[in-house]
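Each chain, written out:
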Amino acid sequence: MLRTTLRNLLAHKARLAMTVLAVCLGVAFVSGTLVFADTTAAAHRAASSKNFAGTDVTVTETEPEPGAQDGPSAGVLDDALAERLARVPGVAAVRPSVDGSATLNAADGTPLRADRAWSNLATAYVPGKDGKDDRHPLTEGRAPARAGEIAVDSGTARAGGLRVGDTVTLATDGPVMTAQLVGLVTTDDTRVTAGGTLVLFDMATAQKLFSTPGHYNGIDLSATPGTGARELADRVTAVLPADRAEATTGQAQAAQQAILVNTLTRGHQKIPMVFAGVSLFIGSFLIVNTFTMAVARRTRETALLRAIGASRRQISRSVLLEAFVVGLAASAAGFLLGLGIAAALPHVLGADGATLPSGPLVIGPRPVAAALAVGVGVTVLAAWLPSRQAARTAPVEAMRSAEQPPAAQRFRLRGAVGLGLLALGVIRLVSLSGAKDASEENLRNAMIGCGLLVTALIALAPLLAPPVIRLTGRLTGPLGVTGRLARENALRDPRRTAATAATLLLSTGLVTGLAVIGDSTGQALDRQAAAGLGADYVVSTRSTMTGIDPGAVRRLAGTSGVRTATAITDSAMFTGSGVRQISGVDPATLHDTMKLTFVSGSAENLAPGRIAVSSTLAREHGVTTGGLLNIRLGREGRFTAYEVVGVYQDNPTARDALGSRSDVAKNSFLPGSVQRVLLRTDSPGTKALEDRLRSAVGNSPLLKVQDRDQLVREAAGTMAGLLNVMYGMLGIGVVISALGIVNTLAMSVAERTREIGALRALGMDRAGVRRMIRLEALTVAGFGTLLGLAGGLFGAWAVGSLANGAIDQYTLSLPWGTLLLVCLLSLTTGTLAAAVPARRAAALSPLEAVADA
């Protein structure tokens, strides 16, 4: 049996190669992602260790106890402590540091990597005895020596188009400032190499910005030869103020930094894993179809083996062994391809500014084991049903000259199961159509419903194939005999046709559903971006942890062309059942900058202790105008009963509730801050006015100045990632579908050798044979595309109601251009995939084909 299995594999090398390739894609994405993850983790660890080279112990302040004095004035890391640490036995050198965050403007005035605030670092340049900072070696210019001077790392300068001598605009967490760029440095800090920026100040300026004069954020210590880091940390701990500061080894600091960066950049691994899941899921259907066809084709051979003594178990094992060999080959090929993916990913991600630390590929046991488990496991599992089918072959089948059609009872059973699954899926999805809550339970029900729907379509596909293909066959009928033969060939074995079309059904359905939901969501976000906004411009912060400088608010209100300016303080509002958003506003200017439709009450009575709430919030808590709502604003210590003075229709600009700005600002996490300024102007949309507004805020990289159109474009940009994933999945589905069609047609041509020879003998020319095979492929592709479109559209309609609960402006919208592209690409895939089988069929000699036994 082993020799027979190996002979069957070697006798069909082309089929083996295409099946291997289908599994190989999924294995490549899995193993490549894992190798990439291990490689980047090792590179981050190495870079962090290098960054902390020479630092054996780091002293930092501990979190203050409740009620302790807050702010920089309570710091204990001062010059006196640094001098005391220098006298600790085993300390070779002391390096104090002051760290913070700063965001720069590029040379063209646009914010530089403002979306990566967690890695936009600022620190002090700390020269040693030789006047150099070993942690930040200079590559050009000099170190900053006074206020108004900065240095940046070479990567930051390159990304922002900055050169030594330029005047740079930057901001920390307050007013915007300008400084002269006097030097460029290099750094091994993984937060910077992972896509952040680095700004260096002189020590006095850094202390003024991020601490107080004479105080530091940390003190790094290096040990004398023969003194261990752990030993030195214990000695240092003994001289530190109790419960005010702690000592950590440099090795532990490096490990923590590597873990932090690795966690924040973990999103790089998600997309390849999504592609891996899609390719393996779709590829499994190709494997099932291939082995099913192979088992059916070898029916007489299997029956003969049964007749000479082979048991059912031996027959089943031979098919599974064949699948094991295919999976093993796919694992090996996929792993090698995965190494290429792992090597290419840093360059792909580098296009977005995320320069990853360099280092050799790390090939550990995890990706090797995953490649084997995925490749062999998926292939063997997919071949399990065909192996059982082969084991049921009776010895008497060896006497039959033609393959027997499947029993009608099995078709009826399959139809009953498919209809049952379809009913369950439809009922579950339709029940969600009235839901307006995108809760975890509803999302789980939607996923289950979509899974049931897909499974039902696959189960019913053999039963749907005849009527659908007869209907679509009318399009190929006018093409003559070749068109009619192509239709009949597709109808000859509905199971095979359905299994071949399943890959296109899945990829088309998945992409159709995502395209509809994505387009509908994108348009809803466009409408919602400016919904309820009466202002012409919105000035807002890029981070929730910063505020707009009060001086900038005054300058905006006094800018020529500005008619009304409404400053808004945004804060969290705790209702007992969850966290909501409240906007603190000035009622006097609100009507001119915000479009509010009140169901009852008004905003005129807003005052400390009084709020207005959205209709949704009022409905959830059962409150009306004149009632009381227990809430806690921001960092307010206890819940307080606030009077509801109005209920307004849901408004994304107003958020969940409105309050007096003085009341909200007093209790916000950033007391007295302003997060948004709404501006009503005399001449909106003019470049001159926008320039004046940007000048009023000092062109701060921490702030955004946007008109209504820019708000809409920003909202539309949130769907770009989904669209990229969608097209990637379509590409994977198309490749695997093409492999499936090639495989099916190649085996079909081999089975119909005598039939094709008879057609050639009766006068059909080579072009006619090629046309027949191509039309057959087009018919199968059309069937899969139609089912995929129907399933995808229905699923998008049902799931769309959940989006309507999260996005008030959501309505179902069909992206006709994208749907047409999906259809054309699927049909083109079927036609192109038939090229090789059609050429092979046309090359058959009539005499040799008819003579073939």
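Everything discussed here concerns the structure shown above.
The text that follows walks through the structure, step by step, so that each part is easy to find. Just so it is clear, the model here is predicted, and its values are computed rather than measured.

Remarks on unusual backbone geometry
Link 1 in the chain: Backbone geometry at Arg655 places phi at a positive 65 degrees, although glycine is not the residue there.
Link 2 in the chain: With a relative accessible area of 23%, Arg655 lands in the partly exposed category.
Link 3 in the chain: Here the phi dihedral of Asn699 falls at roughly 55 degrees; this positive angle occurs in a residue that is not glycine.
Link 4 in the chain: Looking at the element boundaries, Asn699 is found in the loop between helix H22 (687-696) and strand E22 (703-707).

Some thoughts on the environment of Gln207
Link 1 in the chain: Take Gln207: it is sitting in helix H6 (residues 203-210).
Link 2 in the chain: Note: C-alpha distance between Gln207 and Gly100 (107 residues apart in sequence) is 9.7 Å.
Link 3 in the chain: When near neighbours in sequence (up to four residues on either side) are disregarded, Gln207 contacts Val98, Thr212, Pro213, Gly214, His215 and Tyr216.

As for the packing of aromatic side chains
Within a pair of aromatic rings, the relevant descriptors are the distance that separates the centres and the angle that separates the planes.
Link 1 in the chain: In the structure shown here, the tally under the stated rule is 3 aromatic pairs.
Link 2 in the chain: Look at Phe598 and Tyr648: their rings are 5.8 Å apart centre to centre, the planes differ by 70 degrees, and that puts the pair in the edge-to-face class. On the criterion of sequence distance, the pair formed by Phe598 in strand E16 (residues 598-601) and Tyr648 in strand E19 (residues 640-648) is long-range, its members being 50 residues apart.
Link 3 in the chain: On the basis of an interplanar angle of 40 degrees and a centroid distance of 5.8 Å, the ring pair of Phe794 and Trp797 is categorised as tilted. Placement of both Phe794 and Trp797 in helix H26 (residues 766-806) is noted, with a separation of 3 residues, approximately one turn of the helix.
Link 4 in the chain: Using a relative accessible area of 24% as the deciding quantity, one classes Phe794 as partly exposed.

Quick look at the packing of helix H12 (residues 365-382) against helix H13 (residues 384-391)
Geometrically, a packed helix pair is captured by the angle between its two axes and the distance between the axes.
Link 1 in the chain: The interhelical angle for the contact between H12 and H13, taken along N-to-C directions, is 40 degrees, at an axis separation of 4 Å. In terms of orientation, H12 and H13 fall into the oblique class. Taken together, the residues of H13 that come into contact with H12 (itself represented by Val380, Leu381 and Ala382) are Trp384, Leu385 and Pro386.
Link 2 in the chain: Its residues placed into classes, the contact of H12 with H13 shows 6 nonpolar, no polar and no charged.

A few points about helix H28 (residues 835-842)
Link 1 in the chain: Listed as buried for H28 are Pro837, Ala838, Ala841 and Ala842. Mapping the buried residues of H28 onto a view down its axis gives an arc of 130 degrees, with all of them on the same face. Every exposed residue of H28 that faces more than 90 degrees away from the buried side is listed here: Val836 and Arg839.

Remarks on the pairing of strand E11 (residues 218-223)
Link 1 in the chain: Burial within E11 is extensive, with 6 of its 6 residues counted as buried.
Link 2 in the chain: On E11, burial covers both faces: Gly218, Asp220 and Ser222 on one face and Ile219, Leu221 and Ala223 on the other are all buried.
Link 3 in the chain: Direction of pairing for strand E1 (residues 57-61) relative to E11: antiparallel, over a ladder of 4 bridges. Counterpart to Val57 in the pairing with E11 is Leu221.
Link 4 in the chain: Note: strand E2 (residues 91-97) against E11, 6 bridges, orientation antiparallel. Each bridged residue has a counterpart across the sheet, and for Val94 the counterpart in E11 is Leu221.

So, the packing of helix H27 (residues 816-833) against H28
Link 1 in the chain: As a packed pair, H27 and H28 sit with axes 5 Å apart at the nearest point and diverge in direction by 30 degrees. Contact with H27, carried on its side by Thr831, Leu832 and Ala833, involves Ala835, Val836 and Pro837 of H28 and no other residues of that element.
Link 2 in the chain: Its residues assigned to classes, the contact of H27 with H28 shows 5 nonpolar, 1 polar and no charged.

Comments concerning the nonpolar core
Link 1 in the chain: Ranked by internal contacts, the top residues of the largest apolar core, which has 40 residues, are Val59, Ile150, Val199 and Val236.
Link 2 in the chain: With residues near it in sequence (within four places) discarded, Val59 still touches Leu77, Leu85, Asn217, Gly218, Ile219, Leu221, Val236, Leu240, Ala245, Glu246 and Ala247.
Link 3 in the chain: One finds Phe36, Leu280, Ala330 and Ala370 within the second-largest nonpolar core, a separate group that totals 31 residues.

Describing a nonpolar patch on the surface
Link 1 in the chain: Residues Phe324, Leu328, Leu361, Ile363, Val368 and Leu372 make up a contiguous nonpolar surface patch of roughly 470 Å² in combined accessible area.
Link 2 in the chain: Within the residue set of the nonpolar patch, elements represented by two or more residues are helix H11 (312-350) and H12.
Link 3 in the chain: With respect to the secondary-structure elements, Leu328 resides in helix H11.
Link 4 in the chain: Take Leu328: its relative accessible area is 40%, and that puts it in the partly exposed class.

So, how was this worked out
- Residues numbered from 1 in each chain as written.
- Predicted model: local features only at pLDDT ≥ 70, side-chain atom pairs only at ≥ 80, totals over all residues.
- Heavy atoms only, no water.
- Buried < 20%, exposed > 50% of the residue type's maximum accessible area, 1.4 Å probe, protein only.
- Helix = DSSP H or I, 4+ residues; strand = E, 2+ residues; numbered from the N terminus.
- Contact = heavy atoms within 4.5 Å.
- Phe/Tyr/Trp six-rings, centres within 6.5 Å; stacked < 30°, edge-to-face > 60°.
- Axes fitted to C-alpha atoms, helices over the stretch in contact; angles between N-to-C directions.
- Parallel < 35°, antiparallel > 145°, perpendicular 65-115°, else oblique.
- Nonpolar A, V, L, I, M, F, W, Y, C, P; charged D, E, K, R; others polar.
- Arc of directions from axis to C-beta.
- Pairing = 2+ DSSP bridges.
- Core = buried A, V, L, I, M, F, W, Y, C linked by side-chain atoms within 4.5 Å.
- Patch = residues over 30% accessible without salt bridge, like charges linked within 9 Å, V, L, I, M, F, W, Y side chains within 5 Å.
- Areas by Shrake-Rupley, 256 points an atom, 1.4 Å probe, with all protein chains shown as cover.
- Salt bridge = Lys/Arg side-chain N within 4 Å of Asp/Glu carboxyl O.

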